[in-house]
Amino acid sequence: MTAPKTPAACLIGWPAAHSRSPLIHHYWLRTLGIEGGYVIEAVPPDDLRDFVLRLPLRGFVGANVTIPHKEAVLALSTPDARAQAVGAANTLWFADGELRSTNTDVEGFLGNLDASAPGWDAADEALVLGAGGSSRAVVFGLRERGVKRIHLANRTIARAETLAGQFGPNVLPVTWDGINDVLPRAKLLVNTTSLGMHGQPTLDVDVARLPDAAVVADLVYVPLVTPLLAAAQARGLKTADGLGMLLHQAVRGFELWFGQRPQVTAELRALVEADLTKT
């Protein structure tokens, strides 16, 4: 009788940029005492269908999916409500012989907020900056948690209007020039743009206009403390950073593949921080 193969998952991307996912999953495999593997697979778009449909033959129990394949894998799998609403999937797994997909950016965002700013979901109004794929995940999560009014600001207002139209009447498009008018009512401010990232322009938002109990979240994690978060912390506001979301979004995939739910610990965060900041 042959021994069962060691379960392994992979990250599918093209090009396969340096990802922190192997660092995160190998840490959990080691600390939980699970024999398993996690590798990066560089898969060009023309080979994606064949690669995904042959995952079990390649020895994989599931996969993470990154740029540029997040939209394409929806048609190759059975997406759940989150992946359908966001229009992209970042996690694949098998259930009852069927390849399924989800978008764990939603729970990564929510889990990070829950850990960093407990009670944040008492906010009745939120302001989300940006209207790309990450913004879709954020808006979906905020609606799921019952935020009544979500203002969506984008430098190209047409994109904000399109996204707002897909999520219903409680998602309201805002021009970039109109941000200052919304800030005094926003109990939660979320940046989903690349502004404030290393090499990108600074995000020019006046956090002094936010309510005293506001929470500020930034999906950027390079640098770890963006100018937006630094300004919010200087005001004494609770903040949630992009690294926290990166760590929390990895939890469910690991559980689906390896059967145990891992924890986001201070040790894991320190490990990834050190990797992000090394020269």
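Residues numbered from 1 in each chain as written. Predicted model: local features only at pLDDT ≥ 70, side-chain atom pairs only at ≥ 80, totals over all residues. Heavy atoms only, no water.

Attention shifts here to helix α6 (residues 157-167). Of all the residues in α6, the buried ones are Ala160, Leu163, Ala164 and Phe167. Looking down the long axis of α6, one finds its buried residues gathered within 100 degrees of arc, a one-sided arrangement. Buried-residue contacts for α6 involve α3 (81-86), α5 (133-144), β8 (149-154) and β9 (171-175). Directly beyond the C-terminal end of α6, a positive phi value near 105 degrees is found at Gly168. (Buried < 20%, exposed > 50% of the residue type's maximum accessible area, 1.4 Å probe, protein only. Helix = DSSP H or I, 4+ residues; strand = E, 2+ residues; numbered from the N terminus. Arc of directions from axis to C-beta. Contact = heavy atoms within 4.5 Å.)

What the largest pocket holds in volume is close to 1,400 Å³. In this structure, the largest pocket is lined by 44 residues; those nearest its centre are Thr66, Ile67, Lys70, Ser134 and Tyr221. Tallied by class, residues from the lining of the largest pocket come to 17 nonpolar, 20 polar and seven charged. What the second largest pocket holds in volume is close to 210 Å³. Contributing to the lining of the second largest pocket are 16 residues, with Asn112, Ser116, Asp241, Gly244 and Arg269 lying nearest its centre. Looking at the lining of the second largest pocket, the elements with two or more residues in it are α4 (105-116), α8 (227-234), β12 (238-240) and α9 (242-249). Among the residues forming the lining of the second largest pocket, the class breakdown is seven nonpolar, seven polar and two charged. (1 Å grid on protein atoms, 1.4 Å probe; cavity = no way out; pocket = protein on both sides within 12 Å on 5 of 7 lines; lining within 4 Å. Points joined across faces, edges and corners; volume = space filled by probe spheres on them. Nonpolar A, V, L, I, M, F, W, Y, C, P; charged D, E, K, R; others polar.)

Phe109, Leu113, Trp120, Leu142, Leu188 and Val190 are the most contacted members of the largest nonpolar core, which totals 32 residues. Listing elements by their share of this core, those giving two or more residues are α4, β7 (125-129), α5, β8, α6, β10 (188-191) and β11 (215-218). With five residues, α5 is the largest single contributor of residues to this core. Setting aside residues no more than four positions away along its own chain, Trp120 makes contact with Leu110, Leu113, Asp114, Leu142, Arg145, Val147, Leu188 and Val215. Listed in part, the 22 residues of the second largest apolar core include Leu11, Ala95, Val251 and Val272. (Core = buried A, V, L, I, M, F, W, Y, C linked by side-chain atoms within 4.5 Å.)

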